[in-house]
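Per-entry structural report
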Amino acid sequence: MTKQQIIDYYESDEHEKEVASILSRAKEIISSADSLENKVVVFDIDETSLNHYRALKDYDFPQGDNHKVWDACIFVTAGKPIQATLDFYKFCLAKDLKVFFVSARVADSLEATKLALKDAGYTKFEDVFVFPKEITNYNPKQFTNFKAERRAYIESLGYKILLSVGDQPSDLIGGFTQYTFELPNYLYGKK
């Protein structure tokens, strides 16, 4: 997509409509499940639950390893939700599903991340997982299986992950979830 197409897509209701459409299928799975006992939903954070479109637009949609931009996003305590995801999150809570967040954010951002989630309306969750302290920046070679490992840990607590929601394939690979839902993200220069 060109920059103008990205702007048009996010500033219209097209992004929210596409996310809502994808998550309507997730709602159907939840509604048709035989039992939801001990079932949980795992959400990614950035561009899945929290929307950084405005911040990324302010920086002219930078690509690659740009710590200045991500520091501006992940260390703020105010959060703007992707409304269709927030609506789905509320649907999950209404069905008595527990919620976990797993993100490729650095450990130093954990408290700011929790505050941003709560500010955006994600007020109830079991836990938020970010990188361990030894991973200090976004380097895919260091965390190839991080999200799958966190999902495995969640299942080791006695839960069964019914579905996982993310905006990148890396959010969803590696198993330990029954269903995966990949949301659209045209902000990172891919797709």
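Note that this is a predicted model, so its numbers are computed, not measured. (Residues numbered from 1 in each chain as written. Predicted model: local features only at pLDDT ≥ 70, side-chain atom pairs only at ≥ 80, totals over all residues. Heavy atoms only, no water.)

With that settled, consider the sheet that holds strand β3 (residues 127-129). Reading across the sheet, the five strands line up as β3-β2-β1-β4-β5 and stay open at both edges, with parallel pairing between neighbours. Either end of the sheet is taken by a strand with one partner, and the two such strands are β3 and β5 (179-182). Ignoring strand direction, the axes of neighbouring strands in this sheet form an average angle of 20 degrees. As paired strands, strand β1 (residues 39-43) and strand β2 (residues 98-102) are joined by four bridges and run parallel to one another. The partner of Phe43 across the bridge, within β2, is Phe101. Contacting β1, β2 and β4 (160-166), helix α5 (residues 83-94) runs over the sheet at an angle of about 165 degrees to β1. (Pairing = 2+ DSSP bridges. Helix = DSSP H or I, 4+ residues; strand = E, 2+ residues; numbered from the N terminus. Axes fitted to C-alpha atoms, helices over the stretch in contact; angles between N-to-C directions. Contact = heavy atoms within 4.5 Å.)

Before going further, it helps to examine helix α2 (residues 14-32). The end-to-end C-alpha separation of α2 is 28 Å, in line with the 27 Å expected for 19 residues at 1.5 Å each. Turning to α2, its buried residues are His15, Val19, Ile22, Leu23, Ala26, Ile29 and Ile30. Here the buried face of α2 lies against α1 (3-11), α5, β4 and β5. (Expected span 1.5 Å × (residues − 1). Buried < 20%, exposed > 50% of the residue type's maximum accessible area, 1.4 Å probe, protein only.)

Below, the discussion takes up the nonpolar core. Generally speaking, nonpolar side chains in soluble globular proteins are found buried as a group. Of all hydrophobic cores here, the largest spans 31 residues; its most connected members are Phe43, Phe88, Phe101, Leu117, Tyr122 and Leu163. Broken down by secondary-structure element, the contributors of at least two residues to this core are α2, β1, α5, β2, α6 (110-120) and β4. Ranked by residues supplied to this core, first place goes to α2 with six residues. Apart from the residues lying within four places of it in its own chain, the contact partners of Leu163 are Ala26, Ile30, Val40, Val41, Val42, Phe88, Thr177, Tyr179 and Phe181. (Core = buried A, V, L, I, M, F, W, Y, C linked by side-chain atoms within 4.5 Å.)

This brings us to the packing of α2 against α5. Two elements in contact, α2 and α5, have axes whose closest approach is 8 Å; the angle formed by their N-to-C orientations is 15 degrees. Regarding the angle of α2 to α5, the classification is roughly parallel. With respect to the hand of their crossing, α2 and α5 are arranged in right-handed fashion. Contacts between α2 and α5 involve Glu16, Val19, Ala20, Leu23, Ala26, Lys27, Ile30 and Ser31 from the former and Gln83, Ala84, Thr85, Phe88, Phe91 and Cys92 from the latter. Per-class residue counts for the contact of α2 with α5 are nine nonpolar, three polar and two charged. (Parallel < 35°, antiparallel > 145°, perpendicular 65-115°, else oblique. Left-handed = near helix turned anticlockwise from the far one by under 90°. Nonpolar A, V, L, I, M, F, W, Y, C, P; charged D, E, K, R; others polar.)

Moving on, we get to empty space enclosed by the protein. Scanning the entire structure with this criterion turns up one cavity of 30 Å³ or more. Each pocket or cavity is described by its volume, and for the largest cavity that value is around 50 Å³. Taken together, Val42, Phe43, Asp44, Val102, Lys147, Arg151, Ser164, Val165, Asp171 and Leu172 make up the full set of residues lining the largest cavity. Listing elements by their share of the lining of the largest cavity, those giving two or more residues are β1, α7 (146-156) and β4. The residue inventory of the lining of the largest cavity, partitioned by class, reads five nonpolar, one polar and four charged. (1 Å grid on protein atoms, 1.4 Å probe; cavity = no way out; pocket = protein on both sides within 12 Å on 5 of 7 lines; lining within 4 Å. Points joined across faces, edges and corners; volume = space filled by probe spheres on them.)

Inspection of the entire model under this criterion finds eight salt bridges. In this structure, the salt-bridge partner of Glu11 is Arg54, at a minimum N-O distance of 3.0 Å. Here Arg54 lies in helix α3 (residues 53-58) and Glu11 lies in helix α1, a separation of 43 residues in the sequence. You can call Glu11 partly exposed: its relative accessible area is 38%. Residue Lys17 is joined to Glu14 by a salt bridge in which the shortest nitrogen-to-oxygen separation is 3.5 Å. Taken together, the positions of Lys17 and Glu14, both in helix α2 and three residues apart, correspond to about one turn of that helix. Overlapping salt bridges, with partners in common, bring together Glu11, Arg54 and Lys57 in one network. (Salt bridge = Lys/Arg side-chain N within 4 Å of Asp/Glu carboxyl O.)

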